[in-house]
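As a plain string of letters, each chain reads:
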Protein chains: 2
Amino acid sequence: MTSTVLNVQGLTCGHCVASVTEELQGLDGVTSVDVALVKGGVSTVTVLSTEPLEPAATKAAITEAGYSLVE
Amino acid sequence: MTSTVLNVQGLTCGHCVASVTEELQGLDGVTSVDVALVKGGVSTVTVLSTEPLEPAATKAAITEAGYSLVE
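On a predicted model such as this, the values are computed, not experimentally measured, just so you know.

**Student:** Which residues make up helix α2 (residues 55-65) of chain B, and what values go with them?
**Tutor:** Every α-helical turn comprises 3.6 residues, leaving residues that sit three or four positions apart pointing alike. Residues and elements named next belong to chain B. Within α2 the residues assigned to the buried category are T58, A61, I62 and A65. One side of α2 holds all its buried residues, which, seen down the axis, span an arc of 95°. Across from the buried face of α2, at angles greater than 90 degrees, the exposed residues are A56 and E64. Next to the buried residues of α2 lie β1 (2-9), α1 (14-25) and β4 (68-69). Count one or two residues on from α2 and you reach G66, which has phi positive near 105°.

**Student:** Which residues make up the sheet that holds strand β2 (residues 30-36) of chain B, and what values do they have?
**Tutor:** Sheets are built from strands paired through backbone hydrogen bonds, the pairs being either parallel or antiparallel. All names here are of chain B. Spatially, β2-β3-β1-β4 is the arrangement adopted by the four strands of the open sheet, whose pairing is antiparallel. This sheet does not close on itself; its edge strands, each paired only once, are β2 and β4. Here six bridges tie β2 to strand β3 (residues 42-49), and the two strands are oriented antiparallel to one another. Along β3, the bridge assignment pairs V35 with V45.

**Student:** Kindly report on the relation of the copies chain B and chain A, identifying the contributing residues and their values.
**Tutor:** Structural alignment of chain B on chain A gives an RMSD of 0.0 Å, achieved by rotating through 180° and translating 0.0 Å along the axis. Taken together, the turn and the small shift mark the pair as related by a two-fold rotation axis. Both copies share a contact surface, since 100% of the interface residues of chain B are interface residues in chain A too.

**Student:** Can you break down the packing of helix α1 (residues 14-25) of chain A against α1(B) residue by residue, with the values?
**Tutor:** Remark: α1(A) packs on α1(B), axes separated minimally by 8 Å, with the N-to-C direction vectors making an angle of 110°. Relative to α1(B), the element α1(A) is oriented roughly perpendicular. Judged by the sense of rotation from one axis to the other, the crossing of α1(A) with α1(B) is right-handed. Facing α1(A), whose interface residues are A:H15, A:C16 and A:S19, α1(B) presents B:H15, B:C16 and B:S19. Classifying every residue of the contact of α1(A) with α1(B) by side-chain character gives two nonpolar, four polar and no charged.

Parameters and conventions
- Residues numbered from 1 in each chain as written.
- Chains lettered and ligands numbered in written order.
- Predicted model: local features only at pLDDT ≥ 70, side-chain atom pairs only at ≥ 80, totals over all residues.
- Heavy atoms only, no water.
- Buried < 20%, exposed > 50% of the residue type's maximum accessible area, 1.4 Å probe, protein only.
- Helix = DSSP H or I, 4+ residues; strand = E, 2+ residues; numbered from the N terminus.
- Arc of directions from axis to C-beta.
- Contact = heavy atoms within 4.5 Å.
- Pairing = 2+ DSSP bridges.
- Least-squares fit on C-alpha atoms with pLDDT ≥ 70 in both.
- Axes fitted to C-alpha atoms, helices over the stretch in contact; angles between N-to-C directions.
- Parallel < 35°, antiparallel > 145°, perpendicular 65-115°, else oblique.
- Left-handed = near helix turned anticlockwise from the far one by under 90°.
- Nonpolar A, V, L, I, M, F, W, Y, C, P; charged D, E, K, R; others polar.

Shown next as structure tokens:
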């Protein structure tokens, strides 16, 4: 099991949390997504997966949800 | 046709706009909802309807969406 912590800019509410969670859950091997919401700031997103996340796909999922990955 | 302007507190993003719009469109006679989003502040919501909005139902719709009416 792999745990990946992502810093995501731009989440403002529970709808945003649901949106980014849904996109990340679509990635290969993801078993859980936990979001510590910082409204309008940089939120901490912790992803558990059975295999390491593929960086480009991870970034694409966050972009698809309408937010940005702070690297 | 009646136009009603509502001041709604707490919308922060497009998801919030969609949520409050959907609730208001469920009220009797509503034909359109326009939201001028003020992120985290008081947004202006303009509702067009074929009959005057019922105040209690209007307030309930906004509360149901998770926001508050500023009166």
